[in-house]
Each structure stands twice: as structure tokens, then as C-alpha cells.
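Residues per chain are reported as follows:
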Amino acid sequence: MSVLKEVLAANAAYAADFGEKGTLALPPARGFAILTCMDARLDPARYAGLAEGDAHVIRNAGGRASDDAIRSLVISYKLLGTREWFVVHHTNCGMEFFTDDVMRGLLATSLETAELGPDGFYDVGAGPGSAEGQYIDWLTISDQARSVTDDVRRIKAHPLVPARIPVYGYVYDVATGRLVEVPEATAAGAAT
Ligand SMILES: [Zn+2]
């Protein structure tokens, strides 16, 4: 069965048991937002105990505080009333396994999926690639505690983010499922 068929079958089962969820309000009921990585092993609804309608979850590669993530967070508080935010990066993140230069080189060579070996990603596909990769900041990570702290600091320093919103910094451990606080990040994210 194709992925498309699997997804549509799963959705049909979900919708058949939708219950009262059709009457949920648009603003998140529990008033908070989580910025986290797109990694397939992370399920914010489960690791943070969310039901439909509870919270905003903003995801991208690394869970980084990119301009677009901040755009979503600003909408989250300004129009939809969130009052507390989390930045959650995680152990064994794919964003630790390459640099801008590596990604740009891989894309310049080929648009096939690269492979990950002991020395990092390498190309196995045929060209052509594209030079467009050099115009993107890939927001890679070299140290999770530092990336969480950097992102909390960037969010807190943003002129469109009010000082009253606390931003908590955590690293999710993919080996245990636990959220581990990054105290330096949470301190930097304290409401003032
Ligand atoms: Zn990740």
C-alpha cells in the first residue's frame, strides 16, 4: 500500500471518531507554544501531553528560531493569545551532522538523497546539482545546549516579542523521551 493510501485510510478512521473536536476554539486553550525540530522521533503532542486545541506547535529542521519561526510565534501571542513558549531541541539531531559548507557542496553536486556515513553525509547520486544552496542559511547545530540558548536569546531580543512572555529552553533526549532543561536558556528566557 502506498503512503498516500495509508494516510488517507488513517485519516478516515480519525475523522470517523472525531467527536466534539469539531467545536474547538481557534486560540490554543492552554495558552502556550512549542518550537521544536521536525525529527520523526519527536511527537510533541505526546512528549508534552497535548490534545487537539491545546497549544501551538511550530516545527522546522532543528527547531531553530528562524525568521519564519519567529513570524509564527508573533502571530501565536499577538492574535491567538499564547503566554508561554518552549524551545525544544534534541539529542542526536540531524542538524549536528553537517555544516553550511557540507550542505552547499552536496546540493551543488546532486539533488539525489545523500547518505550518512561515519564521517558525515556524502553524495551517492548523479548530477546535476544546484548552486542555490549557498543562498540559504541552513541553521545547523554544533552543541544542543548552545543552540537552545542562542534561540531563546534571539526570540527574547526580538523587537516584536514582549518581555512578559517566558521562553523555556529544553533538550529532548531521544534515548529516554525526557525533556532536559537548559538552565542557561531558561534564565535567558525569563519574563521581565
Ligand atoms: Zn532534529
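Residues numbered from 1 in each chain as written. Predicted model: local features only at pLDDT ≥ 70, side-chain atom pairs only at ≥ 80, totals over all residues.

- The name given to the chain in an unreviewed UniProt entry is carbonic anhydrase, with Xylanimonas protaetiae as the source organism.

## Regarding the overall build of the chain
Next up, step 1: Of regular secondary structure, the chain possesses six helices and seven strands.
Next up, step 2: N-terminal to C-terminal, the α/β element order of the chain is α-β-α-β-α-β-α-β-β-α-β-β-α.
Next up, step 3: When its C-alpha atoms are laid out on the principal axes, the chain stretches across 50 × 45 × 35 Å.
Next up, step 4: Looking at the chain as a whole, 28% of its 192 residues are labelled buried.
Next up, step 5: Restricting to contacts in the chain with at least 6 residues of sequence separation, those with at least 24 account for 63%. (Helix = DSSP H or I, 4+ residues; strand = E, 2+ residues; numbered from the N terminus. Buried ≥ 20, exposed ≤ 12 C-beta atoms within 10 Å, placed from the backbone. Contact = placed C-beta atoms within 7 Å.)

## Quick word on helix 5 (residues 144-157)
In an α-helix, one full turn covers 3.6 residues, which means residues spaced three or four apart are oriented alike.
Next up, step 1: End to end, helix 5 covers 20 Å across 14 residues, agreeing with the expected 20 Å (1.5 Å per residue, within 8%).
Next up, step 2: What helix 5 keeps buried is the set Q144, S147, V148, T149, D151, V152, I155 and K156. (Expected span 1.5 Å × (residues − 1).)

## A closer look at the environment of A157
Next up, step 1: Secondary-structure assignment places A157 in helix 5.
Next up, step 2: A157 gets classed as exposed once you count the C-beta atoms within 10 Å, which come to 9.
Next up, step 3: Between the alpha carbons of A157 and G189 there is a distance of 9.4 Å; along the sequence they are 32 residues apart.

## Quick notes on the UniProt feature "binding site: Zn(2+)" (unreviewed entry) in the chain
Next up, step 1: UniProt tags C37, D39, H90 and C93 as "binding site: Zn(2+)" (unreviewed entry). Across 57 residues, the annotated set stays spatially compact, with a maximum C-alpha separation of 8.8 Å.
Next up, step 2: Along the chain, the position of C37 falls in strand 1 (residues 32-37).
Next up, step 3: The class of C37 is buried, set by 22 C-beta atoms lying within 10 Å.
Next up, step 4: Sequence-distant contacts of C37, that is, excluding residues within four places in its chain, are made with L42, R59, A61, G62, G63, H89, H90 and C93.
Next up, step 5: Along the chain, H90 turns up in strand 3 (residues 84-90).
Next up, step 6: What makes H90 buried here is the crowd of 25 C-beta atoms within 10 Å.
Next up, step 7: Apart from the residues lying within four places of it in its own chain, the contact partners of H90 are C37, D39, L42, V171, Y172 and V174. (UniProt positions renumbered as here; feature names shortened; annotations may be inferred.)

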